Amino acid sequence: MAVTTKLTWNEKKSLQKLLGNVSLRLLSTSSAHRHLFDKCQLQGSTVTVVYNFYKIIGVFIPGHYPEANEFREPVSSFCFVLERHDAMKITTAVLEAEVKITSGKLTFCSFDQTMFCIDPSKAELSIDSSLQYKLGVYASSDFKFNECEVFRVEGIEDDTTYVSKITRATKHRNQLLAELRTFKPNVDLISEICILLLGPVGSGKSSFINSVKSVFQGRLIRQAIVGSDYTSITEQYRIYSVKDGNNGKSLAFRFCDSMGLHEKEGVGLCVDDIPHILKGCVPDRYEFNPHKPIRPDHPTFIASPSLKDRIHCVAYVLDINSIDDLSSKMVAKFKQVQKEVLKCGIAQVVLLTKMNNCSKTLQDNFLNMDKSMTSQSQIIEVSKMLDIPTYNIFMVENYASELELDPLKDTLILFVLRQMLRVADDILEDLSLEETEKKTGGD
Ligand SMILES: Nc1nc2c(ncn2[C@@H]2O[C@H](COP(=O)(O)OP(=O)(O)OP(=O)(O)O)[C@@H](O)[C@H]2O)c(=O)[nH]1
Ligand SMILES: [Mg+2]
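Note that the coordinates shown come from a computational prediction; the quantities given were computed from them, not determined experimentally. (Residues numbered from 1 in each chain as written. Chains lettered and ligands numbered in written order. Predicted model: local features only at pLDDT ≥ 70, side-chain atom pairs only at ≥ 80, totals over all residues.)

Enquirer: Let's hear about the overall build of the protein chain: which residues, and what values?
Expert: Across its full length, the protein chain carries ten helices and 17 strands. For the protein chain, the proportion of its 443 residues judged to be buried stands at 42%. The long-range fraction of contacts in the protein chain, counting pairs at least 24 apart against all pairs at least 6 apart in sequence, stands at 68%. (Helix = DSSP H or I, 4+ residues; strand = E, 2+ residues; numbered from the N terminus. Buried ≥ 20, exposed ≤ 12 C-beta atoms within 10 Å, placed from the backbone. Contact = placed C-beta atoms within 7 Å.)

Enquirer: Which residues make up the site of ligand 1, and what are the values?
Expert: In the region of ligand 1, 20 residues are neighbours, and Gly204, Ser207, Val226, Thr234 and Gly260 sit closest. If you tally residues by element for the shell around ligand 1, the top one is helix α4 (residues 205-217), at three residues. Tallied by class, the residues present in the shell around ligand 1 amount to four nonpolar, 13 polar and three charged. (Near = placed C-beta within 6 Å. Nonpolar A, V, L, I, M, F, W, Y, C, P; charged D, E, K, R; others polar.)

Enquirer: Hey, could you go over the sheet that holds strand β9 (residues 124-127) for me, with residue numbers and the actual values?
Expert: Sheet architecture is open: five strands sit in the order β6-β7-β8-β9-β10, paired in antiparallel fashion. Where the open sheet ends on each side, the last strands, each with one partner, are β6 (98-102) and β10 (143-144). Sheet topology note: the strand β8 (residues 113-119)/β9 ladder contains four bridges and is antiparallel. The partner of Phe116 across the bridge, within β9, is Ile127. (Pairing = 2+ DSSP bridges.)

Enquirer: So, the nonpolar core: which residues are in play, and what are the values?
Expert: Within the largest apolar cluster, 116 residues are counted, with the highest numbers of intra-cluster contacts made by Ile195, Cys313, Ala315, Leu351, Leu352, Val396 and Met420. The dominant element in this core, judged by the number of residues it contributes, is helix α10 (residues 407-442), at twelve residues. Looking at which domains feed residues into this core, each of domain 1 (9-158) and domain 2 (184-442) supplies at least three. Ignoring any residue separated from it by four or fewer positions in sequence, one finds Cys313 in contact with Ile193, Ile195, Ile346, Ala347, Val349, Met420, Val423 and Ala424. (Core = buried A, V, L, I, M, F, W, Y, C linked by C-beta atoms within 7 Å. Domains from an automatic or database assignment.)

Enquirer: I'd like to hear about the pairing of strand β14 (residues 250-257), residue by residue, with values.
Expert: Bridge analysis of strand β12 (residues 193-198) against β14 gives five bridges, and the strand direction is parallel. Along β14, the bridge assignment pairs Ile193 with Phe253.

Enquirer: How would you explain the sheet that holds strand β1 (residues 23-29) if you had to name every residue and give the values?
Expert: Taken in spatial order, the six strands of this open sheet run β1-β11-β2-β3-β4-β5, and their pairing is antiparallel. Unpaired on one side and paired on the other, β1 and β5 (90-94) mark the two borders of the sheet. Mean inter-strand twist for the sheet, computed between neighbouring axes without regard to direction, equals 25 degrees. Two strands pair when backbone bridges link them, and strand β3 (residues 55-61) and strand β4 (residues 78-83) are joined in this way by six bridges, in the antiparallel orientation. Within β4, the residue paired with Ile57 across the bridge is Val81. (Axes fitted to C-alpha atoms, helices over the stretch in contact; angles between N-to-C directions.)

Enquirer: Tell me about helix α1 (residues 9-18), residues and numbers included.
Expert: Of the residues making up α1, those classed as buried are Ser14, Leu15, Lys17 and Leu18. The buried residues of α1 occupy an angular sector of 160 degrees when projected down its axis, which confines them to one face. Among the residues trailing α1, Gly20 stands out with phi positive, at a value near 90 degrees. (Arc of directions from axis to C-beta.)

Enquirer: Requested: an account of unusual backbone geometry, with residues and values cited.
Expert: Within the chain, Leu42 stands out as a residue other than glycine whose phi angle is a positive 55 degrees. Tracing the backbone through its elements, the reader meets Leu42 in the loop between β1 and β2 (46-51). Since 7 C-beta atoms lie within 10 Å of it, Leu42 is described here as exposed. In this structure, Asp112 is a non-glycine residue whose phi angle is positive, near 65 degrees. Counting through the fold element by element, Asp112 comes out in the loop between β7 (105-110) and β8. On the basis of neighbour count, Asp112 is assigned to the exposed category, with 6 C-beta atoms found within 10 Å.

Enquirer: I'd like to hear about the environment of Asp128, residue by residue, with values.
Expert: Its place among the elements puts Asp128 in the loop between β9 and α2 (129-135). A sequence separation of 13 residues divides Asp128 from Met115, and the C-alpha atoms of the two residues are 4.7 Å apart. Here Asp128 is in contact with Gln113, Thr114 and Met115, once residues within four sequence places are set aside.

Enquirer: How would you summarise the environment of Ile413 if you had to cite specific residues and measurements?
Expert: With respect to the helices and strands, the residue Ile413 is situated in helix α10. Take Ile413: there are 25 C-beta atoms within 10 Å of it, and that puts it in the buried class. Residues Ile413 and Ser211 lie 202 residues apart in sequence; the distance between their C-alpha atoms is 7.4 Å.

Enquirer: Requested: an account of the pairing of β7, with residues and values cited.
Expert: For β6 and β7, the ladder comprises five bridges, and the chain directions are antiparallel. Paired with Lys100 across the two strands is Thr107, which belongs to β7. Hairpin connection between β6 and β7: a loop of two residues separates the two successive antiparallel strands, and Ser103 in this loop has a positive phi of roughly 50 degrees. Bridge count for β7 against β8 is five bridges, and the pairing is antiparallel. Within the sheet, the bridge partner assigned to Thr107 lies in β8 and is Cys117. The antiparallel pairing of β7 with β8 creates a hairpin that spans two residues between the two strands, and Phe111 there sits at a positive phi of about 45 degrees.

Enquirer: Give a description of the environment of Leu180 that names residues and reports values.
Expert: Residue placement: Leu180 occurs in helix α3 (residues 160-181). Looking at Leu180, the number of C-beta atoms within 10 Å reads 20, which means it is buried. Spatially, the C-alpha atom of Leu180 lies 9.3 Å from that of Leu421, the residues being 241 residues apart in sequence. Those residues in contact with Leu180 that lie beyond four places of it in its chain are Leu251, Leu414, Leu417 and Arg418.

Next comes the structure, spelled out in structure tokens:
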């Protein structure tokens, strides 16, 4: 009888991503083999999962499965819970315990206390209460499951710290996702924060928008057109909302994509367009003309924009590898742009894109990401050049040629987005006060 898995395509993809885009090869199932775990020895790293109607609960074991009655302290073992109604939702917890197989049961023990135990003969899983808490599952007695499967993990990086980094990143990413999904601007006058991306041609503005959309959708999205050319690939003004893959609802932030800036006059975005964009007078899909800015008599010009149409945060996007090569003309253009932004009292942040290998830059402790960023020399340089504090300058690695999402990249993208929204939110209180005063003044 052919052994087949109960994992759906999405569930399998989710687990593969969790482990760093590995392959999973099914070794054995409890319905096919009475002594399931005997089949799993000397197979290298494995994932063992059990299913009930709502959840898949599993454990990752690096290195070989233990042999019968052998005790082994695994490195970076962790268990996880995957919600069957939303395969993107995975909760993980590190298992610091000895692992053994006795009487056909796979058991993780810490100081003689059973932390996690799968018993295929009784179709029962028991989880210690402290671990249940970490995993967000609650049961007073053992969990009943209808199937147990063991997969060999193929193509995993040798470096076991990579696995623990991935699991920590996934945990952090899930927390950030949850926070951003429920994010609402601090002021009542608007329901969405509008972030405008400005920067030299080819710096990665459109790619950042695609990257944020991808993280929330759980798959790579290439909606904004990206590419490389002497002149800007983005020729239209575009306003993008971001949909939550969970329920398809739009989230409380929007991105405005603009034509790239160029040091030459008459090439790229016309600086005189910027005050109109900031005030919300430029409509979606407006075709930029590098030689002349939009005028109030343009048929689609928005003459009386409200606070919700305005830009609430400007993100200057720069390629981290070409900061030293920015010409004095480009820096002067930036200063001109900044003058307009400051005149409108809008929040400003900097995104440094094309950072190579974000996993190296990210410290193990994701909670200190801002600290690990502000110490970078490029950030200090840009801070001096644009007179923007280091804590508002962020490094990011966009999705460019990848085929799969990566929890480390996701985490950084979400972290940067959250910081941008916080900066915008702080400034918005002032803008809304101004708007309210204008309204009361007009009454
Ligand atoms: N490796 C890498 N490539 C990137 C990153 N961001 C963007 N790219 C690539 O850089 C090129 C330009 O990216 P775009 O997103 O089109 O840049 P843009 O700023 O929108 O460019 P214009 O619209 O032309 O002004 C594309 O080939 C992208 O794939 C990144 O973080 N890392
Ligand atoms: Mg673009």
